Amino acid sequence: MKVAFATKDLVSIDEHFGWAKQFAVYEVNKDGSTLVEVVKTQEGIDHEDEKINSKIDAIKECSIVYCQAIGPTAAAKVIKNHIHPIKVDNVMAIEEALASLQKMLSGNPPPWIKRIIMREEGATNE
């Protein structure tokens, strides 16, 4: 699955979803993870809905987005686009989040992860 991280430095989850100028996108499975791309977002958008939509558009291939904060309107739109938002309370290393996610995938994943896996398997089998 593809996972996006709102990041200023490409090392930490240290950015608010709506303010993110870039997302580090990783391909993650139970065996490991690989940085696929760094997605830059459009700047200079003043209208809140347009700003949120441009961020979602930048990570539309992802199933999960990690960020330091996300507003309720943005969270609702992210979820509506089948992307699960995860808010971290403190700055966290991307590697730490990846390790935690891989551990979940290797064991008995929680229901929300199982739904993502089932949705992705359905998309690849069509």
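The structure contained in this document is the topic of the report that follows.

## Here we look at the side chain of Q22
As for its position among the elements, Q22 is in strand β3 (residues 22–29). At 2.7 Å, the side chain of Q22 and the side chain of K40 are in polar contact. If near-sequence neighbours (up to four positions away) are discounted, Q22 is found in contact with F5, A6, T7, K8, D9, L10, V38, V39, K40 and T41.

## Thoughts on a nonpolar patch on the surface
On the surface, L10, L35 and V38 cluster together into a nonpolar patch covering about 220 Å² of accessible area. By secondary structure assignment, the location of V38 is in strand β4 (residues 32–40).

## Here's the deal with helix α3 (residues 94–106)
Structurally, the α-helix is built with 3.6 residues per turn, so residues lying three or four positions apart point the same way. Compared with an ideal rise of 1.5 Å per residue, which puts 13 residues at 18 Å, α3 spans 18 Å between its outermost C-alpha atoms and is within 8% of the ideal. Within the sequence span of α3, burial applies to I94, A97, L98, L101, Q102 and L105. One side of α3 carries all its buried residues, which in axial view fall inside an arc of 135°.

## Some points on the pattern of salt bridges
Side-chain pairing between opposite charges can occur once the charged atoms of the two side chains come close. Tallying each qualifying case throughout the model produces 3 salt bridges. Between E48 and K51 there is a salt bridge, and its shortest N-O distance comes to 3.8 Å. Of this pair, E48 and K51 are both found in helix α1 (residues 48–58), 3 residues apart, which corresponds to roughly one turn of the helix. For K51, a relative accessible area of 18% gives the class buried. Ionic pairing is found between D49 and K77, a salt bridge with its closest N-O pair at 3.2 Å. Taken together, the residues span a long stretch of sequence, with D49 in helix α1 and K77 in helix α2 (residues 72–80) at a distance of 28 residues.

Conventions adopted
Residues numbered from 1 in each chain as written. Predicted model: local features only at pLDDT ≥ 70, side-chain atom pairs only at ≥ 80, totals over all residues. Heavy atoms only, no water. Helix = DSSP H or I, 4+ residues; strand = E, 2+ residues; numbered from the N terminus. Polar contact = N/O pair within 3.5 Å; in protein donor to acceptor, adjacent residues only side chain to side chain. Contact = heavy atoms within 4.5 Å. Patch = residues over 30% accessible without salt bridge, like charges linked within 9 Å, V, L, I, M, F, W, Y side chains within 5 Å. Areas by Shrake-Rupley, 256 points an atom, 1.4 Å probe, with all protein chains shown as cover. Salt bridge = Lys/Arg side-chain N within 4 Å of Asp/Glu carboxyl O. Expected span 1.5 Å × (residues − 1). Buried < 20%, exposed > 50% of the residue type's maximum accessible area, 1.4 Å probe, protein only. Arc of directions from axis to C-beta.

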